[in-house]
Amino acid sequence: GIQVEQSPPDLILQEGANSTLRCNFSDSVNNLQWFHQNPWGQLINLFYIPSGTKQNGRLSATTVATERYSLLYISSSQTTDSGVYFCAVGRPFGNEKLTFGTGTRLTIIP
Amino acid sequence: EAGVTQFPSHSVIEKGQTVTLRCDPISGHDNLYWYRRVMGKEIKFLLHFVKESKQDESGMPNNRFLAERTGGTYSTLKVQPAELEDSGVYFCASSQGARSSYEQYFGPGTRLTVT
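A brief report on the enclosed structure follows.

Rules and cut-offs
Residues numbered from 1 in each chain as written. Chains lettered and ligands numbered in written order. Predicted model: local features only at pLDDT ≥ 70, side-chain atom pairs only at ≥ 80, totals over all residues. Heavy atoms only, no water. Disulfide = S-S within 2.5 Å. Helix = DSSP H or I, 4+ residues; strand = E, 2+ residues; numbered from the N terminus. Contact = heavy atoms within 4.5 Å. Buried area = accessible area lost by both parts, 1.4 Å probe. Salt bridge = Lys/Arg side-chain N within 4 Å of Asp/Glu carboxyl O. Polar contact = N/O pair within 3.5 Å; in protein donor to acceptor, adjacent residues only side chain to side chain. Pairing = 2+ DSSP bridges. Axes fitted to C-alpha atoms, helices over the stretch in contact; angles between N-to-C directions. Core = buried A, V, L, I, M, F, W, Y, C linked by side-chain atoms within 4.5 Å. Buried < 20%, exposed > 50% of the residue type's maximum accessible area, 1.4 Å probe, protein only.

### A closer look at the state of the cysteines
All names here are of chain A. Scanning all chains against the criterion turns up two disulfides over all chains. In this model Cys23 forms its disulfide with Cys87; the gap between the sulfur atoms is 2.0 Å. Disulfide Cys23-Cys87: torsion about the S-S bond near 70 degrees, hence right-handed. Linking Cys23 in strand 3 (residues 19-25) with Cys87 in strand 9 (residues 83-90), this pair joins segments that are 64 residues apart in sequence.

### Structural notes on the interface of chain B and chain A
Contacts between the two partners involve 23 residues from chain B, matched on the other side by 24 residues from chain A. Between chain B and chain A lies a buried interface of about 1,900 Å² when both sides are counted; carbon and sulfur atoms form 52% of it. Seen at the junction of chain B and chain A, the total is zero salt bridges. Our count for the contact surface shared by chain B and chain A stands at five residue pairs in polar contact (both at pLDDT 80 or more). Broken down by secondary-structure element, the contributors of at least two residues to the side of chain B that touches chain A are strand 4 (31-38), strand 5 (44-50), strand 6 (53-56), strand 9 (88-95) and strand 10 (105-106) of chain B.

### Section: the sheet that holds strand 7 (residues 59-64) of chain A
Residue and element names in this part refer to chain A. Reading across from one edge, 1-3-8-7-6 is the order of the five strands in this open sheet, with antiparallel pairing throughout. Every other strand in the sheet has two partners, leaving strand 1 (4-7) and strand 6 (52-56) as the edge strands with one partner each. Each neighbouring strand pair of the sheet contributes to a mean axis angle of 15 degrees, computed without reference to strand direction.

### Structural notes on the nonpolar core
Among the nonpolar cores identified, the biggest contains 22 residues, and Trp34, Phe47 and Leu72 of chain A are the most heavily contacted of them. Breaking this core down by element, the ones donating at least two residues are strand 2 (10-14), strand 3, strand 4 (31-37), strand 5 (43-48), strand 7, strand 8 (69-74), strand 9 and strand 11 (104-109) of chain A. Those residues in contact with Leu72 of chain A, other than ones at most four positions away along the chain, are Ser19, Thr20, Leu21, Trp34, Leu46, Phe47, Ser60, Ala61 and Tyr85 of chain A. In terms of nonpolar packing, the next biggest core, distinct from the first, is built from 21 residues, Leu21, Leu46, Met60 and Leu112 of chain B among them.

### Structural notes on the side chain of Gln104 of chain B
Within the fold, Gln104 of chain B resides in the loop between strand 9 and strand 10. A distance of 2.8 Å separates polar atoms of two side chains, one belonging to Gln104 of chain B and the other to Tyr35 of chain B. Setting aside residues up to four positions removed in sequence, Gln104 of chain B forms contacts with Gln33, Asn45, Glu96, Lys97 and Leu98 of chain A together with Tyr33, Tyr35, Ala93, Ser94 and Ser95 of chain B.

### Observations concerning the sheet that holds strand 8 (residues 75-79) of chain B
Residue and element names in this part refer to chain B. Strand order in the open sheet formed by four strands is 1-3-8-7, and the pairing between neighbours is antiparallel. In the strand order of this sheet, the two ends are held by strand 1 (5-7) and strand 7 (65-68), each with one partner. This sheet shows a mean twist of 15 degrees between the axes of neighbouring strands, independent of strand direction. In terms of strand pairing, strand 1 meets strand 3 (residues 19-24) through three bridges, oriented antiparallel. Residue pairing in the sheet places Phe7 in a bridge with Arg22 of strand 3.

Below is the structure:
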């Protein structure tokens, strides 16, 4: 099956700093989504971005499908940004499930 | 428009007991998925419904798990009997279409704690 790797696994930053999270995948995809799992365990949809660039407030994402990676940018980090960030991909053939990466744990220190 | 909702938000049960989780998808979404994250690991697919039919249940861990979607609306996931390793967060998602290219909208999850 497809492999999805995220880096870095852990990231600790001071409030106000910027960060870049990376998601690499091993095969072609037709779906890529970014999620934030907050400290209460809830999964928050961030972006649906199989290709191109999107922005939503302090967050933006870019997917370069031909090179099999996606980046999530967080600017001016706030403590509420803490949690685990997951990317998930869908394949163009076969079943319809999403395959998740191992996640990046982000901790924002006040 | 309401998003995907899940109930309960948190459930604490003893080993050997039964728990039933519920998911209400976005109205009009025929496709419903169950995923879970256990032991701090990555989120894993459990199964996929198209309307009331199970399209893919390859991720169901064993026969202690039973998923239903009667009438093609809400879905339930029953764990009977629950084991310690079932603790984790169970997520439900829905999408408008059946292809993997369709965005899946996730609910907030149900945190299950088995003691």
